[in-house]
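# Summary of the model geometry
Here are the chains, one letter per residue:
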Amino acid sequence: MDRVRPLLRGFTCTPPDSQDVYCLQGRTWGYPGNCQFSTYSQCMATASGTYAYCGINPIYAFLATTKAIALM
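None of these values were measured; they are calculated from a predicted model. (Residues numbered from 1 in each chain as written. Predicted model: local features only at pLDDT ≥ 70, side-chain atom pairs only at ≥ 80, totals over all residues. Heavy atoms only, no water.)

### As for the nonpolar core
One broad rule of soluble globular proteins: the nonpolar side chains tend to lie buried together. Leu24, Phe37, Cys43, Ala47, Ala52 and Cys54 form the largest nonpolar core, which has 6 residues in total. Once residues lying within four places of it in the same chain are set aside, the contact partners of Ala52 are Leu24, Gln25, Gly26, Trp29 and Ala47. (Core = buried A, V, L, I, M, F, W, Y, C linked by side-chain atoms within 4.5 Å. Buried < 20%, exposed > 50% of the residue type's maximum accessible area, 1.4 Å probe, protein only. Contact = heavy atoms within 4.5 Å.)

Okay, here's the thing in structure tokens:
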């Protein structure tokens, strides 16, 4: 475990690029899924004809709530 700690030191969670806003989710993809879509339409076009659906990337959802709380 001591060898891992230096690697984790300084690690920060940064939000994904704007191309990763929406995630293709479903039985095959799991959660959060395939997060490579910049628009909901792109994601839904890929999900069309499958048992998949689209949702917002959880990192973006979390950032939105923390920013709203910080502004209060």
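Structure's up, so let's keep going.
### Let's talk about the side chain of Gln25
Looking at the element boundaries, Gln25 is found in strand S1 (residues 22-26). Judged by relative accessible area, Gln25 falls into the buried class, the value being 5%. With near-sequence residues (within four places) excluded, Gln25 lies in contact with Gly30, Tyr31, Pro32, Gly33, Ala52, Tyr53, Gly55 and Ile56. (Helix = DSSP H or I, 4+ residues; strand = E, 2+ residues; numbered from the N terminus.)

### Some points on the confidence of the model for the chain
Per-residue confidence for the chain gives a mean pLDDT of 78; residues scoring 70 or more make up 64%. Ranking the elements of the chain by mean pLDDT puts helix H1 (residues 5-8) last, at 52, and helix H2 (residues 40-47) first, at 95. (pLDDT = per-residue confidence, 0-100.)

### Description of the environment of Arg27
Along the chain, the position of Arg27 falls in the loop between S1 and strand S2 (30-37). Placed 25 residues apart in sequence, Arg27 and Ala52 show a C-alpha to C-alpha distance of 7.1 Å.

### Some words on the sheet that holds strand S3 (residues 53-56)
If you trace the 3 strands from one edge of the open sheet to the other, you get S2-S1-S3, paired in antiparallel fashion. Among the strands making up the open sheet, the edge pair consists of S2 and S3. Adjacent strand axes in the sheet meet at a mean angle of 40 degrees, parallel and antiparallel pairs treated alike. The pairing of S1 with S3 spans 4 bridges and is classified as antiparallel. Within S3, the position partnered with Cys23 by the bridge is Gly55. (Pairing = 2+ DSSP bridges. Axes fitted to C-alpha atoms, helices over the stretch in contact; angles between N-to-C directions.)

### Considering the pairing of S1
Most of S1 sits out of view: 4 of its 5 residues are buried. Relative to S2, S1 runs antiparallel, the two sharing 3 bridges. In the sheet register, Tyr22 faces S2, and the bridge partner there is Phe37. Hairpin connection from S1 to S2: 3 residues lie between these consecutive antiparallel strands.

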